[in-house]
Amino acid sequence: MKSTTLWLNAGLYSALAVAHPGNTRIESRCNKPSSASPTNYHQNAGVLKYVNPHVGTYGTSPNDNGGMIPSVSVPFGMTRWTAQTRENYISQVPYSDNDTYVHGFQATHQPAIWMGELGQAVLMPGWSDEVKPAFEQRGLAFQKKEDESSTPYVYEVVLDADTDGEHGWDLTEEAAGEGPVPGGAGGVPDDVRAGVNGRVRKRGSETISSSGRSIRVAMSALAHTGHMRIDYEGACSGSSSNGSSDPHVFIQATRQNWTGQVEIDPKRREISGSNPQRQDYKLGPDRPASFHGYFVSRFSEPFKSFGTTSGRNISEGTQSASGESLGAYVRFSPETTRVEVRTGISFVSVEQARKNLDLEIPDHTSFEDTVGQVKAAWLEKLGRVTISGVNSTDAEHDQRTIWYTGLFHALQYPNDFSEPTGTHPSSPRVFYNGYTDSVHTSNDSYYQSWSIWDTYRAEHSLLTLFAPERVNGMMRSLLSIFDWSGRLPMWGNMVETNIMIATNADVVLANALSRGFRSFDIAKAWVAVNKDAYVPPERDTELLYYDREPGTPYEVRAGLTSYMRHGWVDNDCWSESGSRTLDYAFNDAACAIVARAAGDNEAAEDLEKRAKNYANLWNNETQFMQARNANGTFANETWGWTEGDHWVYTFDVLHDVDGLADLFQGGRDGMKAKLDEHFDGGHNVHSNEPSHHVPYLYSLIGHPSTAASRIRSIAWDNYNATSNGLSGNEDLGQMSAWYVFSALGFYPVNSAGDEYVVGTPFFEKVSLRLPSGVANGGETGGAEKELVISAPGAPTKPYVKGLTIDGKKIETPVITHGDLVNARAVVFEMSETPTNWGSRGES
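Residues numbered from 1 in each chain as written. Predicted model: local features only at pLDDT ≥ 70, side-chain atom pairs only at ≥ 80, totals over all residues. Heavy atoms only, no water.

Q: Would you mind going over the pattern of salt bridges with me for this structure?
A: Oppositely charged side chains can form a pair if their charged atoms are brought close together. Under the counting rule described, the total for this entry stands at 42 salt bridges. The partner of E270 in a salt bridge is R268, and the shortest N-O contact between them spans 4.0 Å. With a relative accessible area of 2%, E270 lands in the buried category. Residues R354 and E270 are paired through a salt bridge, measuring 2.8 Å at the closest nitrogen-oxygen approach. Residue R354 is found in helix α3 (residues 350-360), and its partner E270 is found in strand β12 (residues 270-275); the two are separated by 84 residues along the sequence. With a relative accessible area of 16%, R354 lands in the buried category. (Salt bridge = Lys/Arg side-chain N within 4 Å of Asp/Glu carboxyl O. Buried < 20%, exposed > 50% of the residue type's maximum accessible area, 1.4 Å probe, protein only. Helix = DSSP H or I, 4+ residues; strand = E, 2+ residues; numbered from the N terminus.)

Q: Mind showing me how you'd approach the sheet that holds strand β26 (residues 491-493) here?
A: Pairing between the strands of a sheet is mediated by backbone hydrogen bonds and can be parallel or antiparallel. Spatially, β25-β26-β27 is the arrangement adopted by the three strands of the open sheet, whose pairing is antiparallel. Looking at strand neighbours, the two that pair on one side only are β25 (450-451) and β27 (495-496), the edges of this open sheet. With two bridges connecting them, β26 and β27 associate as antiparallel partners. Each residue of the ladder has a partner; that of G492, found in β27, is E496. (Pairing = 2+ DSSP bridges.)

Q: Looking at this structure, I do not really get the packing of aromatic side chains. What am I missing?
A: For any two aromatic rings, the description comes down to two numbers: the centre-to-centre distance and the angle of the planes. For the coordinates displayed, the defined rule picks out 34 aromatic pairs. Judged by centre distance (5.8 Å) and plane angle (70°), the rings of W258 and Y281 are edge-to-face. On the criterion of sequence distance, the pair formed by W258 in the loop between β10 (246-252) and β11 (260-265) and Y281 in the loop between β12 and β13 (293-299) is long-range, its members being 23 residues apart. Note on F741 and F746: the rings are 6.2 Å apart at their centroids and 55° apart in plane angle, and the pair reads as tilted. In this pair, the class of F741 matches that of F746, namely buried. The ring of W568 has R628 lying over it, and the distance from NZ or CZ to the ring centre is 4.0 Å. (Phe/Tyr/Trp six-rings, centres within 6.5 Å; stacked < 30°, edge-to-face > 60°. Lys NZ or Arg CZ within 6 Å of the ring centre and 35° of its normal.)

Q: What's the story with the nonpolar core in this structure? I'm lost.
A: Taken as a class, soluble globular proteins show a tendency for nonpolar side chains to be buried jointly. By size, the foremost hydrophobic cluster in this structure holds 225 residues, and its most contacted members are F105 and W403. Element by element, the count of residues in this core is highest for helix α12 (residues 577-597), at nine residues. (Core = buried A, V, L, I, M, F, W, Y, C linked by side-chain atoms within 4.5 Å.)

Q: Teacher, can you tell me more about α12 here?
A: A turn of α-helix holds 3.6 residues, and therefore any two residues three or four places apart point the same way. Here α12 spans 30 Å end to end across 21 residues, near enough to the 30 Å set by a 1.5 Å rise per residue. For α12, a buried count of 18 out of 21 residues is recorded, marking the element as mostly surrounded by other parts of the structure. G599 occupies a position one or two residues after α12 and carries a positive phi of about 90°. (Expected span 1.5 Å × (residues − 1).)

Written out as structure tokens, the structure is:
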């Protein structure tokens, strides 16, 4: 996903890494047992013990880390909850493993580090004689950072209740001026890349000096609701070491420049409110004027007092307010030792937020029950996979942790933004629609957070294996967006943002069709992709359509006017022209698949011819792809690329590798030599998506053993089990999807089709209980599938010597999706030394 080279210098601290769910310290109050003593929530966690949500949360700039947060929610949940150590904006997420203070617990909808937040709410407990509403005021130090625990189902932390001073103003949105791209708008950035390269970040053991009072927080969350348990520890019955002070909870509704509302209802023990902030407000053509995020927080204890805040100003006893930098708070009696807060979140209304709360976590639901529900939801997905025969290494490079955490990341996106109206599965759902700026009712889920330039590569193929029951609904959401806006999304974040390039929703639809998914309107899908392929965007010849250009129409295939005229996008008329040309050729190949599924074979043939347009950028003298100008001359080799350069884009032909090889002098041998130069010269940058398929090209041109060496090297250098465990932005599951597939032994190079290219399995045995619907296009009632992928000796034998599927020998390094989901046994024979298996002979 697109980045910028500007960022706020936030300062660096000792970083953390591996979460240890079972080692949270249990302390008693007043040196005697308490009925509110901490609970061990980690019984029967199964394979979730291998998931470390801190992976990808460390980094010194926006581009050299995963951009992830240690969030809790259920798979594909609308809202994720995270500890807030900094204010998020475009290029900064709300948590960093660099930081040493917690400033709140945030309901976030920011899908990726380079996208904006929308409709968030922040809760923060305190224990002092005055409420401290400002971010820099309310921060509490980790009492012992290594005791912070994060799992998919519960987050736990102990904070120093008596933290003095102000901290972290430089980590706020105000200090950053909305960050390097205010409202999402910005200029064309230079690429900044950094890899992990085997580095790890260990948890510090520093203990914060305090008077002994602490606030212990445990947090869990369902799709639309958060549940917090707050224990005030270390003081007896209202006494404290710093005088009289009441436990309290503060809720921040809005930041500066955004006018929200709050209301306190003591009888219901509720604080409710709304927040209209949408940080991508300058991007794209849509202007959802009525957008708000709504919340209702319900407390377990009666209020001793309450009030509202505006900035640092406190209005004691006020029950409602509106304005910027708005908040509300409630205090509890000094004897209070535990408070539980359940918060419903909605994009529809306060009433719907309350309904979400009552339906998902109704009154009298214990915190343990909520944790159990979330744990069960993740076990239903991750518990389907059993891994054995793992490379012997240290905990910081445990491949099981990397793999299960990767699947955990990948199954968070896209987000289901529909909200329930009842408990029955057939109850209608409601959702706010940013394209129409209205509330809709449907019997279907509605998916948002579409980072398609990233996720078309492997993430959507992964979903067809691990979440097939959702794939058809996702395709229906894409087509609904087409109905409302007239275009398929490029990067949808409530509305279209026009981030990235090309119409890769064409690929996602083709991916589903190629894998047998049919429960969506195929005729409409063809109408939608046909428009992508043949109708240029508005003002196509007037605008550059540069990265984050504000206020543009739907960008879709900017430069299509030129592409249809002579087969490439003119570099002297449109930005990123080289990458656009290559991506449009792949998009054409995907559109052809949709056309054939819809019965339009004539159009499919035309699109298949256009899919050869990648060759128009081939410079035979330099043996590189190169952008071209309107008069046919080649542009400067450094111009025209999206998050890459002429090296990686020379290999950006996913749908016709044989045709690409024919362009090289020497054919496949020449292409192999260029690939060798690419990798050995340090040009492969795995932290960005255009590189992800490149090592697998070796297999497709007859050198699977070389592919195996490159793949294992990439996996080691770019992934580990610590907070520094992703070399680049996660980008809604794509970074992790690469690892999940690669560890299984194959990867979807041409993700518009139904093939996986063989690489090198990492594990000796993986048993998968594939979900119902995986082999019949996601239809209900299908049988679950048991699949065992075995590769004896794989941890120390990287090279494939032979492959069988249900006993049938496979001689080429390609597996179809149908072969995979209908198989019972995929067996790799492995070797310590390179082999000739899969070789296609001399060119």
